[in-house]
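Chain residues, written in single-letter form:
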Amino acid sequence: MFEKYWQQMGDKATVVIPGWQHISYFSDVTNICWFLEPKFAKEVVRVHKAVGNAVTEDRHIVVGTGSSQLYLAALFALSAHDLPEPVSVVSEAPFYSSYPSMTDCLKSGLYKWMGDARSFNKDGAYIELVTSPNNPDGHIRRSVVNKSEGILVHDLAYYWPQYTPISSPADHDLMLFTVSKSTGHAGMRIGWALVKDREIARRMTEFIELNTIGVSKDSQLRAAKILEVISDSSERAGSSEEGESFFEFSYHLMSERWKLLREAVEHSGSFSLPEFHPGFCTFLNRVSEPQPAFAWMKCERDIEDCESFLQGHKIFTRGGEHFGFGTEYVRISMLDRDDNFHLLVKRLSAIHI
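This one's a predicted model, so the numbers in the text were calculated from it and none came from an experiment.

Caption draft 1: Geometry of the sheet that holds strand 11 (residues 294-299). One open sheet holds the four strands; their spatial order is 8-11-13-12, and the pairing between them is antiparallel. The sheet is open, and its two borders are formed by strand 8 (271-272) and strand 12 (318-319), each paired with just one other strand. The strands touched by helix 8 (residues 246-268) are strand 8 and strand 11; relative to strand 11, the strand with the most contacts, the crossing angle is about 5°.

Caption draft 2: Structural context of the domain arrangement of the protein. With domains assigned, the protein is organised as domain 1 (18-235) and domain 2 (246-349). The gap between the C-alpha centroids of domain 1 and domain 2 is 26 Å. Between domain 1 and domain 2, the contact holds 26 residues from the first and 29 residues from the second. Note on domain 1 versus domain 2: buried area summed over both sides is about 2300 Å², and carbon and sulfur give 66% of it. Looking at the side of domain 1 facing domain 2, the largest losses of area belong to Gln 162, Tyr 163 and Pro 165, adding up to 25% of the total buried there. If you look at where domain 1 meets domain 2, you find zero salt bridges. Elements that contribute at least two residues to the side of domain 1 that touches domain 2 include exactly helix 2 (38-51) and helix 7 (217-235). The dominant element in the side of domain 1 that touches domain 2, judged by the number of residues it contributes, is helix 7, at three residues.

Caption draft 3: Representation of the pairing of strand 13 (residues 329-333). The element strand 13 is extensively covered by neighbouring structure, given that four of its five residues are classed as buried. In terms of strand pairing, strand 11 meets strand 13 through five bridges, oriented antiparallel. Counted as the bridge partner of Met 297 is Val 330 from strand 13. Inspection of the sheet shows strand 12 paired to strand 13 by two bridges, in the antiparallel sense. Looking across to strand 13, one finds that Gly 319 is bridged to Val 330.

Caption draft 4: Focus on the layout of surface pockets. Roughly 460 Å³ of internal volume is contained in the largest pocket. Together, 23 residues line the largest pocket, and Ser 132, Ile 140, Arg 142, Tyr 159 and Ser 167 are the ones closest to its centre. Classifying every residue of the lining of the largest pocket gives 10 nonpolar, 10 polar and three charged. When residues of the lining of the largest pocket are assigned to domains, at least three fall in each of domain 1 (18-235) and domain 2 (246-349).

Caption draft 5: Spatial organisation of the nonpolar core. Counting 105 residues, the largest nonpolar core has Trp 6, Phe 40, Met 204 and Leu 348 as its most contacted members. At 11 residues, the largest contribution of residues to this core is made by helix 8. Non-local contacts of Met 204, meaning those with residues more than four positions away in its chain, are made with Val 62, Leu 70, Ala 73, Ala 74, Ala 77, Leu 174, Ala 193 and Val 195. By size, the runner-up hydrophobic cluster in this structure holds five residues, among which are Val 90, Ala 117, Phe 120 and Val 145.

Caption draft 6: Representation of the side chain of Thr 131. Its place among the elements puts Thr 131 in strand 4 (residues 126-131). By relative accessible area, Thr 131 is classed as buried at 3%. Engagement of the side chain of Thr 131 in a polar contact is seen with the side chain of Tyr 99, the distance being 2.8 Å.

Caption draft 7: Quick look at the sheet that holds strand 7 (residues 191-195). Across the sheet, seven strands lie side by side as 1-7-6-5-4-2-3; this open sheet has mixed pairing. Every interior strand has two partners, whereas the edge strands, strand 1 (60-64) and strand 3 (111-116), have only one. Here the average twist between neighbouring strands, direction ignored, is 25°. Where strand 1 meets strand 7, five bridges bridge the pair, whose relative direction is antiparallel. Across the sheet, the residue bridging to Val 62 is Ala 193, located in strand 7. Against the sheet, helix 3 (residues 66-78) makes contact with strand 1, strand 2 (87-91), strand 3, strand 4, strand 5 (150-155), strand 6 (174-178) and strand 7, and its axis sits at roughly 160° relative to strand 6, the strand it touches most. Contacting strand 1, strand 6 and strand 7, helix 6 (residues 198-212) crosses the sheet at an angle of about 15° to strand 1.

About the criteria used
- Positions within a chain are numbered from 1, following the residues in the order the chain's sequence is written.
- pLDDT decides what is reported in this predicted model: residues at 70 or higher carry local features, side-chain atom pairs at 80 or more are listed and counted, and totals for whole chains, interfaces and linings draw on all residues regardless.
- In computing side-chain values, all of the structure's heavy atoms are included and hydrogens and water are not.
- Here, any two strands with at least 2 DSSP bridges between them count as paired.
- Strands are runs of DSSP state E lasting at least two residues, helices are runs of H or I lasting at least four, and both sets are numbered from the N terminus onward.
- Throughout, a residue-residue contact means that at least one pair of heavy atoms, one from each residue, lies within 4.5 Å.
- Axis definition: a line fitted to C-alpha atoms, over the contacting stretch in the case of helices. Angles run 0 to 180 degrees between N-to-C directions.
- Note that the domain bounds were set by an automatic or database domain assignment.
- Summed over both partners, the accessible area lost on bringing two parts together, with a 1.4 Å probe, is the buried area.
- Within this document, salt bridges are pairs made up of a side-chain nitrogen of Lys or Arg and a carboxyl oxygen of Asp or Glu, the two lying within 4 Å of each other.
- For every residue, the accessible area obtained with a 1.4 Å probe (protein chains only) is divided by the maximum for its type, and the residue is called buried under 20%, exposed over 50%, and partly exposed between those limits.
- Only protein atoms enter the calculation, which uses a 1 Å grid: trapped sets of points that fit a 1.4 Å probe without letting it out are cavities, open sets showing protein on both sides within 12 Å along at least five of seven lines are pockets, and any residue with an atom within 4 Å of a point is a lining residue.
- Grid points are joined across faces, edges and corners, and a volume is the space filled by probe spheres set on the points.
- Here the nonpolar group is Ala, Val, Leu, Ile, Met, Phe, Trp, Tyr, Cys and Pro; Asp, Glu, Lys and Arg are the charged ones; every other residue, Gly included, is treated as polar.
- The set of buried Ala, Val, Leu, Ile, Met, Phe, Trp, Tyr and Cys residues whose side-chain atoms join them within 4.5 Å is what this entry labels a nonpolar core.
- Polar contacts, as counted here, are pairs of nitrogen or oxygen atoms within 3.5 Å of one another; within protein the pair requires one atom able to donate a hydrogen and one able to accept it, and residues that are adjacent in sequence qualify only if both atoms are side-chain atoms.

Okay, here's the thing in structure tokens:
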């Protein structure tokens, strides 16, 4: 979806890396995360300051191969290694569909997926994942278990102005972000964690060291350049030389797509979409409405298996059961190229029951 913007940027976001540079495993041996490129760390701090969506002061930055690796690193770091049974991992349904499989894929003795946080009532230590805005339904989330032995991980992959109003800088102990959702560069496989506790940051780094012996420097340097371009566009927005910032461009694009999707759903009469409350966005400096990266759509009129029903109309989605919810729901991506998105809208509009 953001491909058009980056095409317009031309060589501004181009990185050239000579063959002799960045050969070593090491980036900065004085840093807890010793494979973190200083240029990337600098641009992470800069973009959060420009957007105002996260506190970076007194935080350790841990870089990962996307937020997926950082999620597993967080589980490793937050789990006590001397407990007789695995630490419970929960998240309020509908939750991100990959949480269960990523948590249990190695059948670790350190942690175990326990499902919906709202139905969790087990005693002892637990880790609660708070995804806000939430994937798949786009709503702002807070922790729900609220027991004394809990540890929170905040997945803030979608806390950017194109998806939701930025109300204030997020200020949590462990926050996960990813280039794929903020800039659109999913293939770069770069994410970062902002971690308050030094020991937790060290153990997350240890996990990544054991897992992949660090993170690609080439990807970090490319990500740094992309974030630099975004911060430049945000700081110079409205000037004759720069024009619209990346987030303004993305916001208007998402706004138009949600308008088209809601019109198609209303025309069909066979589906429903969530309603969101507008709020003041400190970055855009105006009231804006959430417009998530995914549409959490419900099939009405007694359609029990929404995913199969839509597949019969050549629309591919992800069914609600993958998110700990009912099969009458599906998640639809809002982030495809223009041609595919307009085809989706056209096919949805044509469905009448």
